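# Notes for the structure review
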Amino acid sequence: MKRKGIVSTVIISILVFIGLNLIIGIWSGSPLDMLPEDQGSSEEYGAMGMIFVLIYGAMLLYLFLIPVCIIITHSICLIFTVKNRRSEYKSVRIINYVLDGMNIFLIITAAVKLVMWLTAG
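Report follows, based on the coordinates. In this text the structure is predicted, and so the values were computed from the model without any measurement.

## Here we look at the nonpolar core
One broad rule of soluble globular proteins: the nonpolar side chains tend to lie buried together. Counting eleven residues, the largest nonpolar core is built from Ile 12, Val 16, Ile 23, Ile 26, Ile 66, Ile 70, Cys 77, Leu 99, Leu 106, Ala 110 and Trp 117. Looking at this core, the elements with two or more residues in it are helix 1 (6-27), helix 2 (47-84) and helix 3 (90-119). Look past the residues within four positions of Ile 66 in its chain and what remains in contact with it is Leu 22 and Ile 26.

## Considerations on a nonpolar patch on the surface
Judged by side-chain polarity, Val 7, Val 10, Ile 11, Ile 14, Leu 15, Phe 17, Ile 18 and Leu 22 come together as a nonpolar surface patch covering roughly 710 Å² of accessible area. Its location among the elements puts Val 7 in helix 1.

## Quick word on helix 3
Between its first and last C-alpha, helix 3 extends 44 Å over 30 residues, near the 44 Å set by a 1.5 Å rise per residue. On the buried face of helix 3, the contacting elements are helix 1 and helix 2.

## Observations concerning the pattern of salt bridges
Applying the stated criterion across every chain, the model contains one salt bridge. With a closest N to O distance of 2.6 Å, Asp 100 and Arg 85 form a salt bridge. Here Asp 100 is found in helix 3, whereas its partner Arg 85 is found in the loop between helix 2 and helix 3, with 15 residues between them in sequence.

## Remarks on the side chain of Thr 81
Relative to the assigned elements, Thr 81 resides in helix 2. A polar contact is formed between the side chain of Thr 81 and the backbone oxygen of Leu 78, at a distance of 2.9 Å. Thr 81 has contacts with Ile 12, Asn 96, Leu 99, Asp 100 and Asn 103, leaving out every residue within four places of it along the chain.

Calculation criteria
- Residues numbered from 1 in each chain as written.
- Predicted model: local features only at pLDDT ≥ 70, side-chain atom pairs only at ≥ 80, totals over all residues.
- Heavy atoms only, no water.
- Core = buried A, V, L, I, M, F, W, Y, C linked by side-chain atoms within 4.5 Å.
- Buried < 20%, exposed > 50% of the residue type's maximum accessible area, 1.4 Å probe, protein only.
- Helix = DSSP H or I, 4+ residues; strand = E, 2+ residues; numbered from the N terminus.
- Contact = heavy atoms within 4.5 Å.
- Patch = residues over 30% accessible without salt bridge, like charges linked within 9 Å, V, L, I, M, F, W, Y side chains within 5 Å.
- Areas by Shrake-Rupley, 256 points an atom, 1.4 Å probe, with all protein chains shown as cover.
- Salt bridge = Lys/Arg side-chain N within 4 Å of Asp/Glu carboxyl O.
- Expected span 1.5 Å × (residues − 1).
- Polar contact = N/O pair within 3.5 Å; in protein donor to acceptor, adjacent residues only side chain to side chain.

Shown next as structure tokens:
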């Protein structure tokens, strides 16, 4: 018994759920809000200041890579949902139309947030 499109629809649904949670997380704040208000001199912190800068830089890199990964992942998922619209099962076709919209929404919101972060400074 062939279940064409059902497995990929379930996997894409899980990826959309994860993507929505990540978008809600990154949309709620900006990495620039985490900077301390008073920028003291670097001599008073010494080696610990350098460790703080390295950790903060790694966190910023991670936060900027989340929207890029969302854009890439859901662009690939969009290809499969468009392909799954030709399934013989009506429920799979309907679910894939919804997943098309969700993938497009995730791609656009991740791109907008990335542009907002890059142009904020």
